[in-house]
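Residues per chain, in single letters:
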Amino acid sequence: MADFLSEPLGDIKYSGEFDYEGLYLAIYNWLKNKRYEVQEVYKHKMTPAGAEIELTFKGSKEITEFVKYSIDTEIKGWNITEHETVKEGKKQKLNKGRLVINIKMTLQLDWQKEFESSPFRKRLYKLLTGTILKKKAILDWGGNLVAEAYQLHTAIKKSLKMETAYSAW
């Protein structure tokens, strides 16, 4: 059936120095630690001003036979250059450029499409999601998904060492 909840969380916009490898590992490891199955898509293009990148992580996790979470993270970068910096007496390779990171969360009910086999099952699905399971879907499953998405949001900000790298989640 259709997605029950599908919302973008909001963009993280960043310009300055960052550790691209650290950012990549922060997102990938966070998804793996939360037991998400991860798929990646990477695009890279060189321009005179620097590299342009697009990196997408598609994470999905089966909660039950009826419920599935998806968190998609898309990173777009422009004017990315690499340079060496000395921090605490050690040389580090860092990147400099502009990033926009978008996180989208999706709560899928009946992701195995068990309720699509007959008109009776479709009506039963509407009854379940419209009345009986509506509160559980919104408060429990939806609330947990929102909390996990905000935790990823915070982990990304911490990786970029942003001043707003905190969250109530």
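Preceding this section is the structure that the text describes.
Colleague: Explain the overall build of the protein to me, please; I cannot follow it from the model alone.
Modeller: The secondary structure content of the protein amounts to three helices and five strands. Secondary structure elements of the protein occur, N-terminal to C-terminal, as β-α-β-β-β-β-α-α. At 19 Å, the protein has a C-alpha radius of gyration far larger than the 15 Å of a compact globule built from 169 residues. Overall, the protein is about 65 × 35 × 20 Å in size when its C-alpha atoms are taken along their principal axes. Among the 169 residues that make up the protein, the fraction classed as buried is 38%. Of all intrachain contacts in the protein linking residues separated by at least 6 positions in sequence, the fraction that spans at least 24 positions is 64%. Surface summary for the protein: the accessible area is close to 10400 Å², and the carbon and sulfur share equals 50%. Side-chain charges of the protein comprise 28 positive and 23 negative groups, with the mean position of each set lying 3 Å from the other.

Colleague: When you look at unusual backbone geometry in this model, what are you seeing that I'm missing?
Modeller: Only a minority of non-glycine residues have a phi that is not negative, and only a minority of peptide bonds are not trans. Here Arg35, not a glycine, exhibits a phi torsion of approximately 65°, which is positive. Judged by relative accessible area, Arg35 falls into the exposed class, the value being 71%. Backbone geometry places Lys161, a non-glycine residue, at a positive phi of 55°. On the secondary structure map, Lys161 appears in the segment after helix 3 (134-159).

Colleague: Sorry if this is basic, but what is going on with the nonpolar core here?
Modeller: General note: in soluble globular proteins, nonpolar side chains tend to be found buried as a group. Ile75, Ile156 and Leu160 are the most contacted members of the largest nonpolar core, which has 38 residues in total. Of all the secondary structure elements, the ones that give two or more residues to this core are strand 1 (3-18), helix 1 (20-33), strand 3 (50-62), strand 4 (67-87), strand 5 (90-109), helix 2 (119-132) and helix 3. Among residues more than four places away in sequence, those in contact with Ile156 are Ile12, Leu23, Ile27, Thr73, Ile101 and Ile103.

Colleague: Explanation requested: the layout of surface pockets in the structure shown.
Modeller: A water-sized probe rolled over the atoms picks out the places where empty space is left. The volume enclosed by the largest pocket comes to roughly 240 Å³. In terms of lining residues, the largest pocket is bounded by Tyr14, Glu17, Phe18, Asp19, Lys87, Glu88, Lys90, Gln92, Leu94, Ser159, Leu160 and Lys161. At the level of secondary structure, the elements contributing two or more residues to the lining of the largest pocket comprise strand 1 and strand 5. Residues belonging to the lining of the largest pocket are distributed by class as follows: four nonpolar, two polar and six charged. Taken as a whole, the second largest pocket encloses approximately 160 Å³ of empty space. Forming the walls of the second largest pocket are Asp19, Tyr20, Glu21, Tyr42, His44, Ala51, Ile53, Ile80, Thr81, Glu82, Lys93 and Asn95. Where the lining of the second largest pocket is concerned, the elements lending two or more residues are helix 1, strand 2 (37-47), strand 3, strand 4 and strand 5. Sorting elements by how many residues they give to the lining of the second largest pocket places strand 4 first, with three residues.

Colleague: Teacher, can you tell me more about the packing of aromatic side chains here?
Modeller: Each aromatic ring pair is summarised here by two numbers: the centre-to-centre distance and the angle between the ring planes. Scanning the model with the defined rule gives four aromatic pairs in all. Relative to Tyr28, the ring of Tyr24 lies with its centre 6.2 Å away and its plane at 5°, an arrangement referred to as stacked. Of this pair, Tyr24 and Tyr28 both sit in helix 1, four residues apart, which is roughly one turn of that helix. Centroid distance Tyr24 to Phe57: 5.3 Å. Interplanar angle 50°. Geometry classified as tilted. Pair noted here: Tyr24 is in helix 1 and Phe57 is in strand 3, with a separation of 33 residues, a long-range link. Under the relative-accessibility criterion, Phe57 is labelled buried at 0%. Connected via pairs of aromatic rings, a cluster forms that spans Tyr24, Tyr28 and Phe57.

Calculation notes
- Residues numbered from 1 in each chain as written.
- Predicted model: local features only at pLDDT ≥ 70, side-chain atom pairs only at ≥ 80, totals over all residues.
- Heavy atoms only, no water.
- Helix = DSSP H or I, 4+ residues; strand = E, 2+ residues; numbered from the N terminus.
- Rg over C-alpha atoms; globule rule 2.2 N^0.38 Å.
- Buried < 20%, exposed > 50% of the residue type's maximum accessible area, 1.4 Å probe, protein only.
- Contact = heavy atoms within 4.5 Å.
- Areas by Shrake-Rupley, 256 points an atom, 1.4 Å probe, with all protein chains shown as cover.
- Lys, Arg positive; Asp, Glu negative; His and termini not counted.
- Charge placed at Lys NZ, Arg CZ, Asp CG, Glu CD.
- Core = buried A, V, L, I, M, F, W, Y, C linked by side-chain atoms within 4.5 Å.
- 1 Å grid on protein atoms, 1.4 Å probe; cavity = no way out; pocket = protein on both sides within 12 Å on 5 of 7 lines; lining within 4 Å.
- Points joined across faces, edges and corners; volume = space filled by probe spheres on them.
- Nonpolar A, V, L, I, M, F, W, Y, C, P; charged D, E, K, R; others polar.
- Phe/Tyr/Trp six-rings, centres within 6.5 Å; stacked < 30°, edge-to-face > 60°.

Coordinates in, geometry out; function isn't part of it.
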